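The primary structure of each chain is shown beneath.
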Amino acid sequence: MTEATDDPTSFAIPMDPDSAFNAIANSRRRRVLLSLSQSHGEISAGDLAVEIAAIENAIDPSKIGSDERTSVYISLTQAHLETLDECGAVTFDDRSKSVAPTDATEPLAEYIRRLQTACYKPDSEGPQ
């Protein structure tokens, strides 16, 4: 018997393929989708900016400075969150600067996780 997680229809994405590819084409958009998938609820753009800046700079979120946070926040609110909202991957409220998942968020996040795993390349163990 096949587990539900192995059934491709359990991760059907309610959008056309071009929109899905566009949604996951950028690393910051992928991180937004993964964060929303893990949070199971609404997140502020500010919290996403701190989380993404920490990942990009490989430091603890508590150590993120204003410049790193602001840079990510601006790109999220002026480009990436609108892109994700327009294709239906998330719901972005420009007024409150909050982001919420849609029916497409979890399936997209699952495909991102599967791609990250499938594309993982271990260190070479052979002669150099």
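Scroll up to find the structure this text is about.
A short tour of the structure in this document, coming up. (Residues numbered from 1 in each chain as written. Predicted model: local features only at pLDDT ≥ 70, side-chain atom pairs only at ≥ 80, totals over all residues. Heavy atoms only, no water.)

Take helix 2 (residues 27-39) next. When the terminal C-alpha atoms of helix 2 are compared, their 18 Å separation across 13 residues agrees well with the 18 Å that a helix rising 1.5 Å per residue should span. Residue Asn 26 occupies the N-cap position of helix 2, its side-chain oxygen lying 2.8 Å from the main-chain nitrogen of Arg 28. In the segment just after helix 2, His 40 is the residue with positive phi, at about 55°. (Helix = DSSP H or I, 4+ residues; strand = E, 2+ residues; numbered from the N terminus. Expected span 1.5 Å × (residues − 1). Polar contact = N/O pair within 3.5 Å; in protein donor to acceptor, adjacent residues only side chain to side chain.)

To continue, consider the side chain of Ser 75. As for its position among the elements, Ser 75 is in helix 4 (residues 66-87). For Ser 75, a relative accessible area of 18% corresponds to the buried category. A distance of 3.1 Å separates the side chain of Ser 75 from the backbone oxygen of Val 72, its partner in a polar contact. Non-local contacts of Ser 75, meaning those with residues more than four positions away in its chain, are made with Arg 28 and His 80. (Buried < 20%, exposed > 50% of the residue type's maximum accessible area, 1.4 Å probe, protein only. Contact = heavy atoms within 4.5 Å.)

With that settled, the discussion passes to the nonpolar core. Judged by nonpolar contacts, the single largest core of 29 residues is most densely connected at Val 32, Leu 33, Leu 76, Leu 81, Ala 89 and Leu 108. Counting residues per element, the ones that place at least two in this core are helix 1 (17-23), helix 2, helix 3 (45-57), helix 4, strand 2 (90-93) and helix 5 (105-118). Top contributing element to this core by residue count: helix 3, with 6 residues. Setting aside residues no more than four positions away along its own chain, Leu 81 makes contact with Val 32, Ala 45, Leu 48, Leu 76, Val 90, Phe 92 and Val 99. (Core = buried A, V, L, I, M, F, W, Y, C linked by side-chain atoms within 4.5 Å.)

Once that is clear, we can look at the packing of helix 2 against helix 4. How two helices pack is summed up by the angle between their axes together with the distance between the axes. Closest axis-to-axis distance for the helix 2/helix 4 pair is 10 Å, and the angle between their directions is 80°. In terms of orientation, helix 2 lies roughly perpendicular with respect to helix 4. In this structure, helix 2 uses Arg 28, Arg 29, Val 32 and Leu 33 to contact helix 4, whose residues at the interface are Ser 71, Val 72, Ser 75, Leu 76, His 80, Leu 81, Thr 83 and Leu 84. When its residues are assigned to classes, the contact of helix 2 with helix 4 shows 6 nonpolar, 4 polar and 2 charged. (Axes fitted to C-alpha atoms, helices over the stretch in contact; angles between N-to-C directions. Parallel < 35°, antiparallel > 145°, perpendicular 65-115°, else oblique. Nonpolar A, V, L, I, M, F, W, Y, C, P; charged D, E, K, R; others polar.)

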